[in-house]
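Secondary and tertiary structure notes
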Amino acid sequence: MARVVLDKIFKTYPGATGNRPAVCGVSLDIADGEFMVLVGPSGCGKSTLLRLIAGLETADAGTISLAGRVVNAVPPKDRDLAMVFQNYALYPHLTVFDNLAFGLKLRKLPRAEIAERVRAAAMQLGLAEVLDRLPKALSGGQRQRVAVGRAMVRQPKVFLFDEPLSNLDAQLRAATRAEIGRLHARLAATMIYVTHDQVEAMTMGDRICVMKDGTIMQVAAPSDLYNSPANLFVAGFIGSPPMNFLPGTLEKSPSGFAFVASNSSRHAGANFKFELSAPYLSTRVADHVAQPVMLGLRPEHLHVPLAVSKLPVVPERSGDGDSPPLIAQIELIEPMGAETYLHLRVGENILIARIPPAGRHVLGEKLTLTPDLTHVHLFSSVTGDALR
Ligand SMILES: Nc1ncnc2c1ncn2[C@@H]1O[C@H](COP(=O)(O)OP(=O)(O)OP(=O)(O)O)[C@@H](O)[C@H]1O
Ligand SMILES: [Mg+2]
């Protein structure tokens, strides 16, 4: 069993600017065999957390348990885990075989056992043909696989990956990503995986832990993180293009609640109002009437009329008949192949809509946007927390 439990971990590096902790009260319970992804902006403490688990750094406070045992005082080599780094320095003068065997030789495993483990790992990683080569005679992807192989041959209970694919080009990344996914399925080992990459986080993780400034913002399954972000930070961090945000206030309305955009500009279309459909709102919304809120809408939930209209924009009437519509002007068109992103100016805000590729839109065109109000997110502008 290799459950990893972090309990109120603190770590400040000696001499850190303003004594700012790199990790600040992190508690995280990672199940045996789980694939946990750590994401967050540069400097948020992802690598530090991984190094603490590995034993390469010492926590100032809190406990780290591996498989039910507190390991704070256990040296790295006795923790039964293996780490794959971004800069996977292979020994340049050793063959692939010897690179893979190196750690096992240090541990004085019997020769036959070493050979067996190396060959098994090489088979699984597609390195069997290159065991006699030096690292310089390998492609970037093969080198990366050797680095993963070095961890594999140790047969650890826990794998730690610190951005292992970031040196690879896009195609190799995708292939190696799938390989690590298969490896996880086959070994059933616990894996903790740091990445900057949205796609890696969303596709690989059983759960994703989003970090900011040394603290955890939310831990959830990828789809939960995407559909129900706990706060503005997670909402803006997960998803590409990111969620659109509109500042405004909540009002009581005859049919429940309405969102009224706050916009000091005189732009036509900037002073819109949405009736919010009650079934999709939580009871907490009632506590925020007349308070500043942020309305969030994913790009796929902002619908635009398909064809170019030669006519002046006729405001669509919304549900109750008197809500001013959301009128936007196209500032940028990004055709991505399978879809197109429209960058739309609404008063002072730029919104991004994800639309089918066939749209014949033109720059400067004015459109009436129809938000899918069943997918609205609301956040307190004061705390940033989701109102749900
Ligand atoms: N050895 C060190 N000495 C002092 N400060 C450090 C050290 N290592 C990291 N830090 C600081 O601790 C904070 C967290 O760093 P960490 O490397 O954990 O971030 P990260 O989330 O891995 O970032 P990145 O995505 O850039 O790799 C940062 O402010 C960093 O500057
Ligand atoms: Mg890092």
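Remember, predicted model here, so these are calculated numbers, not experimental data.

Definitions and limits used
Residues numbered from 1 in each chain as written. Chains lettered and ligands numbered in written order. Predicted model: local features only at pLDDT ≥ 70, side-chain atom pairs only at ≥ 80, totals over all residues. Pairing = 2+ DSSP bridges. Helix = DSSP H or I, 4+ residues; strand = E, 2+ residues; numbered from the N terminus. Axes fitted to C-alpha atoms, helices over the stretch in contact; angles between N-to-C directions. Near = placed C-beta within 6 Å. Nonpolar A, V, L, I, M, F, W, Y, C, P; charged D, E, K, R; others polar. Contact = placed C-beta atoms within 7 Å. Domains from an automatic or database assignment. Expected span 1.5 Å × (residues − 1). Buried ≥ 20, exposed ≤ 12 C-beta atoms within 10 Å, placed from the backbone. Core = buried A, V, L, I, M, F, W, Y, C linked by C-beta atoms within 7 Å. Parallel < 35°, antiparallel > 145°, perpendicular 65-115°, else oblique. Left-handed = near helix turned anticlockwise from the far one by under 90°.

1. Considerations on the sheet that holds strand E14 (residues 292-297)
Read across the open sheet, the five strands follow the order E13-E12-E11-E14-E20; overall the sheet is antiparallel. One side of each edge strand has no neighbouring strand; the edge strands of this open sheet are strand E13 (273-276) and strand E20 (377-380). The sheet shows a mean angle of 40 degrees between the axes of neighbouring strands, direction not considered. Bridge count for strand E11 (residues 244-253) against E14 is six bridges, and the pairing is antiparallel. The residue of E14 that forms the bridge with Leu-246 is Leu-295.

2. Describing the sheet that holds strand E9 (residues 207-212)
On the basis of which strands lie adjacent, the open sheet formed by six strands has the order E6-E7-E8-E3-E9-E10 and mixed pairing. The sheet is open, and its two borders are formed by strand E6 (81-84) and strand E10 (215-220), each paired with just one other strand. Direction aside, the axes of adjacent strands within the sheet are offset by 15 degrees on average. With four bridges joining them, E6 and strand E7 (residues 158-162) adopt parallel strand pairing. Paired with Leu-81 across the strands is Val-158, a residue of E7.

3. Overview of the site of ligand 1
Neighbouring residues of ligand 1: Tyr-13, Ala-16, Ala-22, Gly-40, Ser-42, Gly-43, Cys-44, Gly-45, Lys-46, Ser-47 and Thr-48. Looking at the shell around ligand 1 residue by residue, the classes come out as four nonpolar, six polar and one charged.

4. Observations regarding the environment of Leu-125
Positionally, Leu-125 belongs in helix H3 (residues 111-125). Distance from Leu-125 to Pro-241, taken between C-alpha atoms, is 33 Å for residues 116 residues apart in sequence. Ignoring any residue separated from it by four or fewer positions in sequence, one finds Leu-125 in contact with Arg-145, Val-148 and Gly-149.

5. Some details on the domain arrangement of the protein
According to the domain assignment, the protein consists of domain 1 (4-237) and domain 2 (244-313 + 322-380). The distance between the C-alpha centroids of domain 1 and domain 2 comes to 40 Å. On the side of domain 2, four residues touch domain 1, which itself brings four residues to the contact. Counted by class, the side of domain 1 that touches domain 2 contains three nonpolar, one polar and no charged residues.

6. Examining helix H5 (residues 170-187)
A rise of 1.5 Å per residue sets the reference length of H5, with its 18 residues, at 26 Å; its end C-alpha atoms lie 26 Å apart and thus fit the reference within 8%. Phi turns positive, to about 55 degrees, at Ala-188, one or two residues after H5.

7. Some words on unusual backbone geometry
A cis amide bond links Ser-240 with the next residue in sequence, Pro-241, at an omega value of -5 degrees. Of note, Pro-241 is situated in the loop between helix H8 (232-237) and E11. Positive phi outside glycine occurs at Asp-80, with the angle close to 60 degrees. Looking at where Asp-80 falls in the secondary structure, it is placed in the loop between strand E5 (69-70) and E6. Note on Asp-80: 16 C-beta atoms within 10 Å, which makes it partly exposed. One non-glycine residue with positive phi stands out, namely Ala-188, at about 55 degrees. Here Ala-188 shows up in the loop between H5 and strand E8 (190-194).

8. Notes on the nonpolar core
Judged by nonpolar contacts, the single largest core of 94 residues is most densely connected at Val-37, Leu-38, Val-158, Leu-160, Ile-192 and Val-210. Mapped onto the domain boundaries, this core takes at least three residues apiece from domain 1 (4-237) and domain 2 (244-313 + 322-380). Ignoring anything within four residues of it in the chain, the contact list for Leu-160 reads Leu-50, Ile-53, Ala-54, Leu-81, Met-83 and Ile-192.

9. Some words on helix H1 (residues 46-54)
Most of H1 is tucked away, with eight of its nine residues classed as buried. The complete set of buried residues in H1 reads Lys-46, Ser-47, Thr-48, Leu-49, Leu-50, Arg-51, Leu-52 and Ile-53. Following H1 by one or two positions, Gly-55 adopts a phi angle in the positive range, close to 90 degrees.

10. Description of the environment of Ala-22
On the secondary structure map, Ala-22 appears in the loop between strand E1 (4-11) and strand E2 (23-30). Along the sequence, Ala-22 and Glu-251 sit 229 residues apart, while their C-alpha atoms lie 41 Å from each other.

11. Side note on the packing of helix H2 (residues 96-106) against helix H4 (residues 140-152)
Axis separation between H2 and H4 bottoms out at 8 Å; the angle between their running directions is 30 degrees. For the element pair H2 / H4, the angle class is roughly parallel. As for how H2 packs across H4, the hand of that crossing is right-handed. Contact residues: Val-96, Asn-99, Leu-100 and Gly-103 in H2; Val-146, Gly-149 and Arg-150 in H4. Counted by class, the contact of H2 with H4 contains three nonpolar, three polar and one charged residues.

12. Here's the deal with the pairing of E1
Taken together, the five bridges between E1 and strand E4 (residues 61-66) define a ladder with antiparallel strand orientation. Bridge assignment links Phe-10 to a residue of E4, and that residue is Ala-61. Note that E1 and E2 share six bridges and pair antiparallel. Looking at E2, one finds that Leu-6 is bridged to Leu-28.

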